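This is what each chain is made of:
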Amino acid sequence: MDLAAFQKATHVLVGNGQQACFWTSDWLGAAPLAAAFPSLYNHSRRKNRTVAAALANDQWIRDLHHGNTSLIVVEYLQLRRQIQQAGLILDSHVPDRIQWTAGGGDCYSARAAYRILFQSRPSTSDDKVIWKSWALGTAKVFSWLMLRNRIWCNDRLQRRGWPNGYFCSLCLRNLESTVHLFWECSFSRQIWATFSVRAGCEEMANFKSPLHSTMQHCLQMIRRTPAGARKGFRSMLILIAWNILKERNACVFRGKMPCQNDVAHAIMLDCDQWRAAGAACLEPPFGVYSAR
Ligand SMILES: [Zn+2]
């Protein structure tokens, strides 16, 4: 798979032919000869000759001289014609050169390589909600777990029969689940409502029960937010959910009493720091307080 991806992303410019592989390098035509002439490749005794070694005294033809050759005649004639038409002259002073052809300029780029390796992966909305948002790396990873319902809340612990406190430690009323903790909990709802009065954050108060999934809810809120405020909205979404989790963890593991003012204060503090670290999307007019 790696070799196929490499061949797809590169083209070999033959100089002296000492490095390019006759069968598997992409040096003649649109694809490596092994792919363009599979019968010949399978029949050939030597599959790792360099271009120079294969072309010297037509060695690639001698490698085919064995067994039943009637099945490879057509491909043989085609390849022979292709090599003749190419009229390749090896230059002993010029080394072979690998050229990057997968986009992003003439040089290798991780972005282009990644695109080739994962082009068949199913598409998700993670980019829209998390990875293209301005946020701390840890907060992004947390958001990814939250959107997949993989936070270790009491409902998951309970299903596995592991020790848990059952109740949500922020409202002390319901079984704690990801959906409850971040969206249905009266404590968290109040936090979202507090920030929904800020410019660009209005959709945070727009919550319709029952909630099918966190991902769906986040995408709906982002879609309804005006285009100019979406970047800031996505960062705030991650920032607020991240701070709700931190308050929850402080209550569960350090015996803290839940306090909405503490969370709001921590969010504002983080917001200032993210802005100072370069989060231009959080700069005013986004987030300006407006008493409605
Ligand atoms: Zn709760």
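Computed from a predicted structure; not experimentally measured.

1. What about the domain arrangement of the chain?
Many analyses report the size of an interface as the accessible area lost when the parts associate. The domain boundaries assigned to the chain delineate domain 1 (2-117) and domain 2 (126-282). A straight line from the C-alpha centre of domain 1 to that of domain 2 covers 54 Å.

2. Here's the deal with the coordination of the zinc ion
Coordination sphere of the zinc ion, protein contribution only: Cys168 (SG), Cys171 (SG), His180 (NE2) and Cys185 (SG), at 2.1 to 2.3 Å. Taken together, the four donor atoms surrounding the zinc ion define angles of 103 to 118° at the centre, an arrangement classified as tetrahedral. One chain supplies every donor to the zinc ion, and in sequence these donors are spaced C-x2-C-x8-H-x4-C. The two residues Cys171 and His180 agree in class, both being buried.

3. Observations concerning the nonpolar core
For soluble globular proteins, the rule of thumb is that nonpolar side chains tend to be buried together. Core analysis: the largest hydrophobic core is formed by 51 residues, its most contacted members being Phe182, Trp183, Met236 and Ile240. It is helix α14 (residues 230-254) that contributes the most residues to this core, 11 residues altogether. Setting aside chain neighbours within four positions, we find Met236 in contact with Phe195, Cys201, Met204, Ile267, Cys271, Leu282 and Phe286. The next biggest cluster of nonpolar side chains, apart from the first, holds 19 residues, and it includes Ala20, Phe22, Leu40 and Ile61.

4. Points about a nonpolar patch on the surface
A contiguous nonpolar surface patch, about 310 Å² in accessible area, is contributed by Leu3, Phe6 and Ile98. Position of Phe6 among the secondary structure elements: in helix α1 (residues 2-9).

5. A short note on the environment of Ser213
Within the secondary structure, Ser213 sits in the loop between α12 (186-195) and α13 (214-224). Put simply, Ser213 and Phe253 are 40 residues apart on the chain and 27 Å apart in space, counted from C-alpha to C-alpha.

6. Observations regarding the pattern of salt bridges
This structure, assessed with the given rule, holds nine salt bridges. We note a salt bridge from Asp126 to Arg148, for which the minimum N-O separation is 2.8 Å. Within this pair, whereas Asp126 is found in helix α8 (residues 126-131), its partner Arg148 is found in the loop between α9 (137-147) and α10 (154-159), the two being separated by 22 residues in sequence. Look at Arg148 and you get partly exposed, because its relative accessible area is 30%. The shortest N-O distance in the salt bridge between Arg275 and Asp272 comes to 3.1 Å. You can see Arg275 and its partner Asp272 sitting in helix α15 (residues 260-276), three residues apart, about one turn around the helix. Take Asp272: its relative accessible area is 41%, and that puts it in the partly exposed class.

7. Quick look at the side chain of Arg248
Considering the arrangement of structural elements, one finds Arg248 in helix α14. According to the relative accessible area criterion, Arg248 is buried, its value standing at 6%. A polar contact is formed between the side chain of Arg248 and the side chain of Glu176, at a distance of 2.9 Å. Setting aside anything within four residues of it in sequence, one finds Arg248 in contact with Trp152, Cys153, Ser169, Leu170, Glu176, Leu181 and Phe253.

8. Thoughts on the packing of aromatic side chains
In this description, a pair of aromatic rings is defined by centroid distance and the angle of the planes. Scanning all chains against the criterion turns up 13 aromatic pairs. Measuring from ring centre to ring centre gives 5.7 Å for Phe142 and Phe182, while their planes differ by 50°; the resulting arrangement is tilted. On the criterion of sequence distance, the pair formed by Phe142 in helix α9 and Phe182 in helix α11 (residues 178-184) is long-range, its members being 40 residues apart. For Phe142, a relative accessible area of 5% gives the class buried. The rings of Phe22, Trp23, Trp27, Tyr41, Trp60 and Tyr76 are connected pair by pair, giving a single aromatic cluster. If you follow Arg156 out to its NZ or CZ, it ends over the ring of Trp152, 4.1 Å from the centre. Sitting above the plane of the Trp162 ring, Arg160 keeps its charged end 6.0 Å from the centroid.

Definitions and limits used
- Residues numbered from 1 in each chain as written.
- Predicted model: local features only at pLDDT ≥ 70, side-chain atom pairs only at ≥ 80, totals over all residues.
- Heavy atoms only, no water.
- Domains from an automatic or database assignment.
- Donors = N, O, S within 2.8 Å, 3.2 Å for Na, K, Ca; no water.
- Tetrahedral: all angles 85-135°; square planar, octahedral: opposite > 155°, others 65-115°.
- Buried < 20%, exposed > 50% of the residue type's maximum accessible area, 1.4 Å probe, protein only.
- Core = buried A, V, L, I, M, F, W, Y, C linked by side-chain atoms within 4.5 Å.
- Helix = DSSP H or I, 4+ residues; strand = E, 2+ residues; numbered from the N terminus.
- Contact = heavy atoms within 4.5 Å.
- Patch = residues over 30% accessible without salt bridge, like charges linked within 9 Å, V, L, I, M, F, W, Y side chains within 5 Å.
- Areas by Shrake-Rupley, 256 points an atom, 1.4 Å probe, with all protein chains shown as cover.
- Salt bridge = Lys/Arg side-chain N within 4 Å of Asp/Glu carboxyl O.
- Polar contact = N/O pair within 3.5 Å; in protein donor to acceptor, adjacent residues only side chain to side chain.
- Phe/Tyr/Trp six-rings, centres within 6.5 Å; stacked < 30°, edge-to-face > 60°.
- Lys NZ or Arg CZ within 6 Å of the ring centre and 35° of its normal.

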